[in-house]
Amino acid sequence: MDFLVGRDDLRRTRFTEADVPEPGPGEAVLELERFGLTSNNVTYAVMGDAMSYWRFFPADEGWGRIPVWGFAHVTASAHDETPAGTRVYGYFPISTHLLVRPKPADGGGFVDTTPHRVDLPAVYNAYAPAPPEPSEGDDLQVLFRPLFGTSFLIDDQLDEGGFHDSASVWLSSASSKTALSTAFLLSRREGIEVVGLTSAGRAEFVRGLGVYDRVVAYDELEEAPRERAVYVDISGDAELRGRVHRHLGDELAHDWLVGASHWDRVFADPGALPGPAPEMFFAPARFAKRLEDWGADGVQSRTAEAWGPFAEWASGWLEVERGAGPADIERLYLKLVDGEAPSDAGYVLAP
Ligand SMILES: NC(=O)c1ccc[n+]([C@@H]2O[C@H](COP(=O)([O-])OP(=O)(O)OC[C@H]3O[C@@H](n4cnc5c(N)ncnc54)[C@H](OP(=O)(O)O)[C@@H]3O)[C@@H](O)[C@H]2O)c1
């Protein structure tokens, strides 16, 4: 089974069925067990052409296969070092099966060297080794691992750059998992004030989580005190960006463009945009730099150390909602597209 979305209309969906692939020499077949679905996956679709996300898992003309993060195991293999039963964590289409061409990686797991993937960012082609059986922490892993990884890199880059000489960080889409993970990490730093911008209806929930020093509803932005601040934009909302630039004016120290959760506002008119030009934050690029600086073990140990307290905190408020099969996949996907997912919900699905 493959879940497909219209590349020109993300609300157009369909499911197709095909025979389970047979592995040729050097190939293996993975069966997807469970995956997380958040706005990040909708952004993969929104940026499918611009950032090549459609190229990972090709589909029929006009259709796309949205990438997700999840766990899978090998069901059939013609690759000696990746036998049936091998379990991994990685990047998948929303499909029951995926044919890969594994190349064993240092430290375990493998890289998929299927020709159409080799020139795409390496972080998406790596399949990490996973324990043979599912465990309690798997839900948090499929929901947060890529988002928390990004937050770790944002927090790290802000720190390395001395927070652009400012003592305050403003995050839009403050209720998103990426913003919440970032706010959690920033809240553990001395002398940094963390301000969350969110929709009026989500402000109370966000305040209750305790990781922001202040939470400001979008429609009250102009009443918030002006202060020197870095803007970390998770919403991608162009009109909101203009309002932040005009409100903070000279006090805006930097504008990091991270996300596009307000996907239908990305091309809105920002109006005048005084202050620094927005700079794109692309996690795979920063990750590649830290791999060079710290080595794979250094990156692994630092993120693992940060993950522990975060996972404990997140499991205190997250409500996992499970689903399986086409009807649940389509229903929860469309809720995310329409911005109707409750802020405390984590959608964990099986194909
Ligand atoms: N640059 C990178 O490398 C990188 C890495 C990871 C994630 N990201 C991006 O960060 C963003 C957040 O991802 P996530 O998975 O953390 O999201 P999430 O937890 O699913 O975020 C949900 C929140 O996003 C806003 N939202 C979602 N859909 C909306 C819609 N249709 N209309 C209006 N608001 C909507 C709402 O927040 P508010 O009401 O608070 O606005 C909502 O509470 C995504 O765009 C993702 O791609 C980027």
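In this text, all values refer to a predicted model and were calculated from it rather than measured experimentally.

Enquirer: Explain helix α1 (residues 39-46) to me, and be specific about the residues and the numbers.
Expert: Regarding α1, the residues found buried are N41, V42, T43, Y44 and A45. Against β2 (9-16), β3 (28-37), β5 (67-77), β6 (87-93) and α7 (325-337) lie the buried residues of α1.

Enquirer: Describe α7, with residues and values.
Expert: Over its 13 residues, α7 runs 18 Å from end to end, which matches the ideal 18 Å to within 8%, given 1.5 Å per residue. Residues G325, I329, L332, Y333, L336 and V337 constitute the buried set of α7. All buried residues of α7 project into a common sector of 145° when viewed along the axis, lining one side. Considering only its buried residues, α7 is in contact with β1 (2-6), β2, β3, α1, β17 (319-324) and β18 (345-350). Just beyond α7, the residue with positive phi is G339, at close to 70°.

Enquirer: Mind laying out the nonpolar core, listing which residues take part and the relevant values?
Expert: Residues L171 and Y212 are the most contacted members of the largest nonpolar core, which totals 90 residues. Tallying contributions element by element places helix α2 (residues 138-160) first for this core, with nine residues. A domain split of this core shows at least three residues from each of domain 1 (2-135 + 318-350) and domain 2 (147-284). Contact partners of L171, with chain neighbours within four places excluded, come to A179, T182, A183, L186, V194, V195, G196, L197, Y212, V232 and I234. One finds W170, V195, L197 and L252 within the second-largest nonpolar core, a separate group that totals 13 residues.

Enquirer: Describe the domain arrangement of the protein chain, and please don't skip the residues or the numbers.
Expert: Taken as a whole, the protein chain is organised into domain 1 (2-135 + 318-350) and domain 2 (147-284). If you average the C-alpha positions of domain 1 and of domain 2, the two centres end up 29 Å apart. Between domain 1 and domain 2, the buried area comes to about 1,300 Å², and carbon and sulfur atoms account for 67% of it. Across the domain 1-domain 2 interface, the total number found is zero salt bridges. If you look at where domain 1 meets domain 2, you find five residue pairs in polar contact (both at pLDDT 80 or more). No other element matches α1, which puts five residues into the side of domain 1 that touches domain 2. In terms of residue class, the side of domain 1 that touches domain 2 is made up of 14 nonpolar, seven polar and two charged.

Conventions used here
- Here the residue index of a chain counts from 1 through its sequence in written order.
- At least 70 in pLDDT is required for a residue's local features to be given in this predicted model, at least 80 for side-chain atom pairs to be given and counted, and no such filter applies to totals for whole chains, interfaces and linings, which use all residues.
- Calculation of side-chain values draws on the structure's entire complement of heavy atoms; hydrogens and water are dropped beforehand.
- Under the scheme applied here, a residue whose accessible area is under 20% of the maximum for its type counts as buried, over 50% as exposed, and between as partly exposed, the area being computed with a 1.4 Å probe on protein chains only.
- Secondary structure follows DSSP: runs of H or I at least 4 residues long count as helices, runs of E at least 2 residues long count as strands, and numbering of each begins at the N terminus.
- It only takes one pair of heavy atoms within 4.5 Å for two residues to be counted as in contact.
- Residue count minus one, scaled by 1.5 Å, sets the expected span of a helix.
- Relevant arc is that of directions from the helix axis to the C-beta atoms, nothing else.
- What is meant by a nonpolar core is a set of buried Ala, Val, Leu, Ile, Met, Phe, Trp, Tyr and Cys residues, joined one to another through side-chain atoms within 4.5 Å.
- Just so you know, the domain bounds were taken from an automatic or database domain assignment.
- Put simply, buried area is how much 1.4 Å-probe accessible surface two parts lose in total, over both of them, once they are put together.
- By definition, a salt bridge exists where a carboxyl oxygen of Asp or Glu is found within 4 Å of a side-chain nitrogen of Lys or Arg.
- Pairing of N or O atoms within 3.5 Å defines a polar contact, subject to two protein rules: one partner must be a possible hydrogen donor and the other a possible acceptor, and residues neighboring in sequence count only if both atoms are side-chain atoms.
- When residues are grouped by polarity, Ala, Val, Leu, Ile, Met, Phe, Trp, Tyr, Cys and Pro land in nonpolar, Asp, Glu, Lys and Arg in charged, and all others, Gly among them, in polar.

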